[in-house]
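Observations on the model geometry
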Amino acid sequence: MPGFWGRWAIDCRAMESTIAFIGGGNMASAIIGGLRGQGLPAAQVEVVEPWDEARARLAQQFGVQAQAAPGEALRRAGVVVWAVKPQTFREAAQAAAPFCADALHLSVAAGIRSDSIAAWLGSERIVRAMPNTPALVGLGMTGLYARPSVGDADRAQVERIVATTGESVWVDAEPLLDGVTALSGSGPAYVFFFIEAMTRAGIEMGLTAAQAQRLAVGTFRGAAELAHRSDEPPELLRQRVTSKGGTTYAAITALQADGVDALLVKAIRAAQARAAELGDEFGR
Ligand SMILES: NC(=O)c1ccc[n+]([C@@H]2O[C@H](COP(=O)([O-])OP(=O)(O)OC[C@H]3O[C@@H](n4cnc5c(N)ncnc54)[C@H](OP(=O)(O)O)[C@@H]3O)[C@@H](O)[C@H]2O)c1
């Protein structure tokens, strides 16, 4: 058992407590992968997942057994991670709540506000998380918000879980999570969108698809790492690439002429607005 995970897992074993996932799809898999990778035994992971194929995949990928519906096994859960779509959260909560009233609840659902979750579960021990899919490779970014009555020990437990998938940032006002959802939750899709477009441009210019994609992905990876390690702002890093009258200048001028920067901000605000709508539509 690695020291990093150590204390909580040992406590869990002593109490025979588990971490349960309601929903065993993409996001649950990313977190389960992180936990298993840090040495959490498969027997300490419970999953409720109605889809046969998803249950088989969880068993094959992570060695964890999943149930088609909530039941008595959930009573062992010290932490319940809610990883269902916003559209099905209410129904899933109604089915599972009788078995996990005393757990700490961690929701990754976009938009669904903690007031709704508290009402559905009859509990105030609720933390909302907004992770992203780079969690799959340990480079996730997660925004966290805790209801006021969540104590320090519960917050620390959430941090330990989320740390298996990457970094996290606490926000102290729940509406900010809609912004986190729009920026980093949905963000990987914006990056892939740019990689797709850059790859298309490469192919148009005569490179093979494999060459173009490798150049595009490697450029994102390198530029993101440079921005991460540098003390200088991205604007300055961009200026260093942009020789006056040169090639980058031609490209950035074309992007600015079409208002691409403003369009990106508009797109991210649309995602933020949709997160709030999801809370209204599928909350209580
Ligand atoms: N994917 C992302 O990038 C991302 C990032 C941050 C947050 N999130 C949030 O994470 C949540 C899950 O998203 P996802 O991408 O992981 O979706 P997903 O892959 O579709 O996973 C959700 C899973 O929950 C299952 N499910 C449906 N009803 C259920 C119930 N009553 N009890 C138990 N399980 C049930 C679904 O089964 P069926 O397919 O049979 O319905 C599905 O396998 C969403 O709320 C989303 O907002 C996602």
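Residues numbered from 1 in each chain as written. Predicted model: local features only at pLDDT ≥ 70, side-chain atom pairs only at ≥ 80, totals over all residues. Heavy atoms only, no water.

Description of the packing of helix H2 (residues 26-37) against helix H3 (residues 52-62)
In a pair of packed helices, the angle between the axes and the distance between the axes together describe the arrangement. The geometry of H2 relative to H3 is characterised by a closest axis approach of 11 Å and an angle of 25 degrees between their N-to-C directions. Judged on the interaxial angle alone, H3 and H2 are roughly parallel. Helix-helix and strand crossings are classified by hand; for H2 and H3 the assignment is right-handed. Counting all contacts with H2, which are made through Ser-29, Ile-32, Gly-33 and Arg-36, the residues of H3 involved are Arg-57, Leu-58 and Phe-62. (Axes fitted to C-alpha atoms, helices over the stretch in contact; angles between N-to-C directions. Helix = DSSP H or I, 4+ residues; strand = E, 2+ residues; numbered from the N terminus. Parallel < 35°, antiparallel > 145°, perpendicular 65-115°, else oblique. Left-handed = near helix turned anticlockwise from the far one by under 90°. Contact = heavy atoms within 4.5 Å.)

Overview of the layout of surface pockets
Size it by volume and the second largest pocket reaches roughly 910 Å³. Lining the second largest pocket are 35 residues; nearest its centre among them are Met-27, Ala-83, Val-84, Lys-85 and Pro-86. Counting residues per element, the ones that place at least two in the lining of the second largest pocket are H2, helix H4 (86-96), helix H7 (176-185) and helix H12 (260-282). The element best represented in the lining of the second largest pocket is H4, accounting for five residues. A class-by-class count of the residues in the lining of the second largest pocket yields 21 nonpolar, 10 polar and four charged. (1 Å grid on protein atoms, 1.4 Å probe; cavity = no way out; pocket = protein on both sides within 12 Å on 5 of 7 lines; lining within 4 Å. Points joined across faces, edges and corners; volume = space filled by probe spheres on them. Nonpolar A, V, L, I, M, F, W, Y, C, P; charged D, E, K, R; others polar.)

Focus on the confidence of the model for the chain
For the chain, the average pLDDT comes to 94, and 94% of its residues sit at 70 or higher. In the model, residues 10-15 has pLDDT below 50 throughout and makes four contacts with residues more than four positions away in sequence or in other chains. For this predicted complex, the interface confidence comes out at an ipTM of 0.94, alongside a pTM of 0.92. (pLDDT = per-residue confidence, 0-100.)

So, the pattern of salt bridges
Counted under the stated rule, the structure contains 12 salt bridges. A salt bridge links Arg-125 to Asp-154; the shortest N-O distance between them is 2.8 Å. Here Asp-154 lies in helix H6 (residues 152-163) and Arg-125 lies in the loop between helix H5 (114-121) and strand E6 (126-130), a separation of 29 residues in the sequence. The partner of Arg-274 in a salt bridge is Glu-281, with the nearest N and O atoms 2.7 Å apart. Residue class for Arg-274 comes out partly exposed when judged on its relative accessible area of 33%. Classification of Glu-281 by relative accessible area gives partly exposed; the value is 45%. When salt bridges that share partners are traced, they join Asp-115, Glu-124 and Arg-147 into one network. (Salt bridge = Lys/Arg side-chain N within 4 Å of Asp/Glu carboxyl O. Buried < 20%, exposed > 50% of the residue type's maximum accessible area, 1.4 Å probe, protein only.)

Some remarks on empty space enclosed by the protein
As enumerated under the stated definition, the model contains two cavities of 30 Å³ or more in all. Put simply, the largest cavity is a space of about 60 Å³. Along its surface, the largest cavity is lined by Ile-31, Leu-106, Val-108, Ala-129, Pro-131, Thr-142, Ile-161, Val-162 and Thr-165. Broken down by class, the residue content of the lining of the largest cavity amounts to seven nonpolar, two polar and no charged. Counted as a void, the second largest cavity has a volume near 40 Å³.

Some thoughts on the sheet that holds strand E2 (residues 45-48)
Strands sit in the order E3-E2-E1-E4-E5-E6-E7-E8 across an open sheet of eight strands; the sheet is mixed. Of all the strands in the sheet, the pair left with one neighbour each is strand E3 (66-67) and strand E8 (166-170). Sheet strands touched by H7: E6 and strand E7 (140-146). Its angle to E6, the strand with the most contacts, is close to 30 degrees. (Pairing = 2+ DSSP bridges.)

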